[in-house]
Amino acid sequence: MIRSVVRGFGAALPKRVVTNRELEETVDTSDEWIVQRTGIKQRYIAGEGETTASLGEAAARAALDNAGLTPADIDLIIVATSTPDNTFPATAVNIQNRLGMTHGFAFDVQAVCTGFVYAVATADVYIRGGLAKRVLVIGAETFSRILDWTDRTTCVLFGDGAGALILEAAEGEGTTDDRGVLTASLRSDGSHKDKLYVDGGPSTTGTVGQLRMEGREVFKHAVGMITDVIDAAFAATGTTAEQLDWLVPHQANRRIIEGSAKKLSIPMDKVVMTVDQHGNTSAASIPLALAVAAGDGRIKKGDLVMLEAMGGGFTWGAVLLRW
Ligand code: UT7
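Below is a summary of the structure that appears in this document.

What counts, and where the lines are drawn
Residues numbered from 1 in each chain as written. Predicted model: local features only at pLDDT ≥ 70, side-chain atom pairs only at ≥ 80, totals over all residues. Heavy atoms only, no water. Helix = DSSP H or I, 4+ residues; strand = E, 2+ residues; numbered from the N terminus. Rg over C-alpha atoms; globule rule 2.2 N^0.38 Å. Buried < 20%, exposed > 50% of the residue type's maximum accessible area, 1.4 Å probe, protein only. Contact = heavy atoms within 4.5 Å. Lys, Arg positive; Asp, Glu negative; His and termini not counted. Charge placed at Lys NZ, Arg CZ, Asp CG, Glu CD. Near = heavy atom within 4 Å. Polar contact = N/O pair within 3.5 Å; in protein donor to acceptor, adjacent residues only side chain to side chain. Areas by Shrake-Rupley, 256 points an atom, 1.4 Å probe, with all protein chains shown as cover. Nonpolar A, V, L, I, M, F, W, Y, C, P; charged D, E, K, R; others polar. Domains from an automatic or database assignment. Pairing = 2+ DSSP bridges. Axes fitted to C-alpha atoms, helices over the stretch in contact; angles between N-to-C directions. Parallel < 35°, antiparallel > 145°, perpendicular 65-115°, else oblique. Left-handed = near helix turned anticlockwise from the far one by under 90°. Phe/Tyr/Trp six-rings, centres within 6.5 Å; stacked < 30°, edge-to-face > 60°.

## Considering the overall build of the chain
Each helix and strand in the chain was counted, giving 10 helices and 13 strands. Taken over C-alpha atoms, the radius of gyration comes to 18 Å for the chain, in line with the 20 Å a tight globule of 323 residues would show. Seen along its three principal axes, the alpha-carbon backbone of the chain occupies a region of about 55 × 45 × 40 Å. Out of the 323 residues belonging to the chain, those deemed buried represent 56%. Considering only intrachain contacts with a sequence separation of at least 6, the fraction spanning at least 24 residues in the chain is 75%. Counting 31 positive and 39 negative side-chain charges, the chain places the averaged centre of each group 2 Å from the other.

Put into structure tokens, the structure is as follows:
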């Protein structure tokens, strides 16, 4: 059977680092509170000229280099983002143009923090369905542009960045020993839509709006939802937590990650944690974490890797793949 195998990875971050101490100067917060409640020590914030598309392009070029490929080898670009450069055209099409591609096709998926998990699952369906052979899957965000910088309950949590994976069609045996995407478990429940949302949009206010979150409410649901989809991915493949080499979670909060790992009996030395360095970069957080852990040699060819995320919608999901 056809599998969607990881061929390359890459990431890009804005130039400017903003520490918790710097935020102490603008809002009533402290480094101690932020570290204790979230694990975040710093985040990267996009400056002038840095946008979701420019960061996405840089991550895409890094992934192409890593794979030894050029844009001519790609036939589909999927970008997971909730902070597009424009309402339309899609950021994926913008990045396609920046890469000098006029062939193939490109579109965005919008599932907020779960966007990258949805995008990998979508790429896998296109590859297995024979509609694409090599897909550039990008998670790219500039949440700094939709934050209310006077709201200490949200502005300290988020950061900007982008990461990319190249998935390529390859023949597999149809077993869990195959490299590539093995299964995806995706969920959403719009009855929670008012717990994490942006208070504007083209069809309502005609403005971009700002992020609003009932953090405690999101927190309350996070661990249960995350562990449910991970358990579903294990059940669908007949694999177990003991067989997992790496859990690469969405990086929203150290406490949520630790709580999920504990509930699944996954030791923390098998969990990739970048929330301290990047903050919550929404759809970019998983591919950024993958680029860090694959880049430093922790994630190796053949490793069993679980990706998971939960966020606005609510949306949540997990992808199990063999690297
Ligand atoms: O990526 C998408 C999904 N999003 C998430 O996963 C986020 C989920 N939520 C969270 O991570 C946590 O709920 C937060 C980190 C947002 C908040 O942590 P918490 O432990 O749930 O704190 P809390 O909201 O219960 O607030 C505790 C206290 C409050 O003061 P009182 O009412 O106890 O006096 C807040 O006003 O902390 C206060 N507070 C702050 N203090 C200093 C809230 N934000 C800050 C801040 N600095 N930045």
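## Focus on the site of the ligand
Surveying the vicinity of the ligand reveals 24 residues, the closest of which are T29, R152, R216, N253 and N280. Between the ligand and the protein, one listed contact pairs an oxygen atom with a side-chain N or O atom of H250 at 2.9 Å. For the ligand, whose accessible area on its own is 960 Å², the fraction buried by protein is 77%. Listed by contribution, the elements that provide at least two residues to the shell around the ligand are α2 (31–38), α6 (152–155), α7 (215–237), α8 (254–263) and β12 (304–311). In terms of residue count, the dominant contributor to the shell around the ligand is α7 (4 residues). Of the residues assigned to the shell around the ligand, the class counts are 11 nonpolar, 8 polar and 5 charged. Of the residues that make up the shell around the ligand, three or more belong to each of domain 1 (2–171) and domain 2 (180–322).

## Brief notes about the sheet that holds strand β13 (residues 315–322)
Pairing within the open sheet is mixed, and its 4 strands lie in the order β8-β13-β12-β11. Lying at the two open borders of the sheet, with one neighbouring strand each, are β8 (180–188) and β11 (246–249). Here the strands of the sheet are splayed against their neighbours by 15° on average, with no regard to which way each runs. As paired elements, β12 and β13 share 8 bridges and run antiparallel to each other. Looking at the pairing, V305 lines up with L321 of β13.

## Concerning the packing of helix α3 (residues 52–67) against helix α4 (residues 91–98)
Running from N to C, α3 and α4 cross one another at 55°; their axes reach a closest spacing of 9 Å. Considering the angle they form, α3 stands oblique to α4. Remark: the crossing between α3 and α4 carries right-handed chirality. Taking contact as the criterion, the partners of T52, A53, S54, G56, E57 and R61 in α3 are, on α4, T91, N94, I95 and R98.

## Considering the packing of aromatic side chains
Pairs of aromatic rings are described using the distance from one ring centre to the other and the angle between the two planes. On inspection of all chains with the given rule, the structure shows 5 aromatic pairs. Both rings, one in F105 and one in Y126, keep their centres 5.9 Å apart while their planes meet at 50°; by these two values the pair is tilted. Placement of F105 in strand β5 (residues 105–109) and of Y126 in helix α5 (residues 115–128) is noted, with a sequence separation of 21 residues between them. For Y126, a relative accessible area of 24% gives the class partly exposed. Through pairs of rings, three or more aromatic residues link up here, namely F105, F107 and Y126.

## Regarding the side chain of S82
Along the chain, S82 turns up in the loop between β4 (76–80) and α4. Of the polar contacts made by the side chain of S82, one reaches the backbone nitrogen of V112; its length is 3.5 Å.

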